[in-house]
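Residue-level structural notes
In case you want the letters, here they are:
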Amino acid sequence: RWQKAALDAFTARTGPDFLAVATPGAGKTTFALAAARQSLAAQPQRLLIVAPTQHLKGQWADAAEALDLHLETSWSAADGGLPADVHGLVTTYQQVATCAAALAELARDSFVILDEVHHAGDDRAWGESVREGFAHARTRLSLSGTPFRSDTLAIPFVPYDDEGLATPDIEYGYGDALSDGGVVRPVHFP
């Protein structure tokens with residue numbers, strides 16, 4: 001249910017940025033790929049996904065493949081462009097930090113998913129490179145279970161309220177997931 005509400009809110013957005021906050025295990029990946037598939041069907045464009053780790057790159061590529069979205073997982077800046085038979089690529093924040101300028105060329109007018117976007121802090125290498133690499137993307141869909149940082153730095157492309165708290169476009173918390181049943185398990189501390 002939350003994914004449908006999130007997709008409706010995403011479709012109705014007025015700007016390039018959208019922040020979806022959902023508890024771990026709620027299906028952020030499925031929501032994001034459904035939004036990307038819908039957007040790519042309406043207007044062909046590249047899809048770029050940034051994941052926190054190398055392992056998650058493979059998980060994103062596998063999940064995308066299930067929706068007939070083909071992603072390059074071994075792209076490097078030395079490659080230049082992308083093969084003609086893929087919709088885009090999946091990379092890591094670490095790789096973005098090493099080749100933001102090359103990604104900026106690929107990301108122009110593209111659909112970008114920033115998974116666990118809280119890894120990118122504005123005044124840190126990852127935050128600066130994310131801002132440089134994806135400033136000219138048509139769409140930036142940011143995902144997080146925890147849209148804040150312990151160092152309190154701002155996260156690129158995330159809106160904040162007057163108190164400095166991130167303001168998500170859609171939020172699905174642990175309590176919501178427990179109430180819905182079958183989404184997450186209750187946690188007990190003996």
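Scroll up to find the structure this text is about.
I will try to describe carefully the structure that is included in this document.

What follows is about helix α6 (residues 125-134). Residues of α6 that are buried include every one of G127, S129, V130, G133 and F134, and no others. Packed against the buried residues of α6 are β2 (47-51), α4 (93-98), α5 (100-107), β5 (111-114) and β6 (139-144).

Using the criterion set out here, one finds seven aromatic pairs in the structure. For the pair Y93 and W126, a centre-to-centre distance of 5.9 Å together with 20° between the ring planes defines the contact as stacked. On the criterion of sequence distance, the pair formed by Y93 in helix α4 and W126 in helix α6 is long-range, its members being 33 residues apart. The exposure class of Y93 is buried, given its relative accessible area of 0%. When the ring centre of F10 is taken as reference, the NZ or CZ atom of R13 above it lies at 4.1 Å. Positioned over the ring face of F157 is R140, at 4.1 Å from the centre of the ring.

A few words on helix α1 (residues 2-12). Those residues of α1 not exposed but buried are W2, A6, L7 and F10. Along the long axis of α1, the arc covered by the buried residues comes to 135°, so they all point the same way. Turned more than 90 degrees away from the buried face of α1 sit K4 and A12, all of them exposed. Looking at the buried side of α1, the elements it contacts are β1 (17-22), α2 (28-42), β5, β6 and β7 (170-172).

Let us now look at the environment of A177. With respect to the helices and strands, the residue A177 is situated in helix α7 (residues 174-180). In sequence terms A177 and T23 are 154 residues apart; their C-alpha atoms lie 7.6 Å from each other. For A177, the contacting residues outside a window of four places in its chain are T23, Y172, V183 and V184.

This brings us to the environment of F18. Within the secondary structure, F18 is located in strand β1. Using a relative accessible area of 3% as the deciding quantity, one classes F18 as buried. Among all residues touching F18, those that are not within four sequence positions of it are A6, A9, F10, R13, F31, R140, L141, S142, D169 and I170.

Here we take up the pairing of β6. The two faces of a sheet get side chains in turn, since along a regular strand they alternate between them. Counting buried residues along β6, six of its six residues qualify, which places the element largely inside the surrounding structure. Of the two faces of β6, the one lined by T139, L141 and L143 and the one lined by R140, S142 and S144 are each fully buried. Taken together, the five bridges between β1 and β6 define a ladder with parallel strand orientation. Within the sheet, the bridge partner assigned to F18 lies in β6 and is L141. Taken together, the four bridges between β5 and β6 define a ladder with parallel strand orientation. Its bridge partner lying in β6, F111 is registered against T139.

This part is about the layout of surface pockets. There is about 160 Å³ of room inside the largest pocket. In terms of lining, the largest pocket is formed by G25, A26, G27, K28, T29, T30, L56, Q59, W60, D115 and E116. Split by residue class, the lining of the largest pocket holds three nonpolar, five polar and three charged.

With that out of the way, let us pick up unusual backbone geometry. Phi at D109 is positive, roughly 60°, even though this residue is not glycine. Using a relative accessible area of 43% as the deciding quantity, one classes D109 as partly exposed. Non-glycine residue E116 carries a positive phi angle of around 50°. Topologically, E116 is positioned in the loop between β5 and α6. With a relative accessible area of 19%, E116 lands in the buried category.

Cut-off values and rules
Residues numbered from 1 in each chain as written. Predicted model: local features only at pLDDT ≥ 70, side-chain atom pairs only at ≥ 80, totals over all residues. Heavy atoms only, no water. Buried < 20%, exposed > 50% of the residue type's maximum accessible area, 1.4 Å probe, protein only. Helix = DSSP H or I, 4+ residues; strand = E, 2+ residues; numbered from the N terminus. Contact = heavy atoms within 4.5 Å. Phe/Tyr/Trp six-rings, centres within 6.5 Å; stacked < 30°, edge-to-face > 60°. Lys NZ or Arg CZ within 6 Å of the ring centre and 35° of its normal. Arc of directions from axis to C-beta. Pairing = 2+ DSSP bridges. 1 Å grid on protein atoms, 1.4 Å probe; cavity = no way out; pocket = protein on both sides within 12 Å on 5 of 7 lines; lining within 4 Å. Points joined across faces, edges and corners; volume = space filled by probe spheres on them. Nonpolar A, V, L, I, M, F, W, Y, C, P; charged D, E, K, R; others polar.

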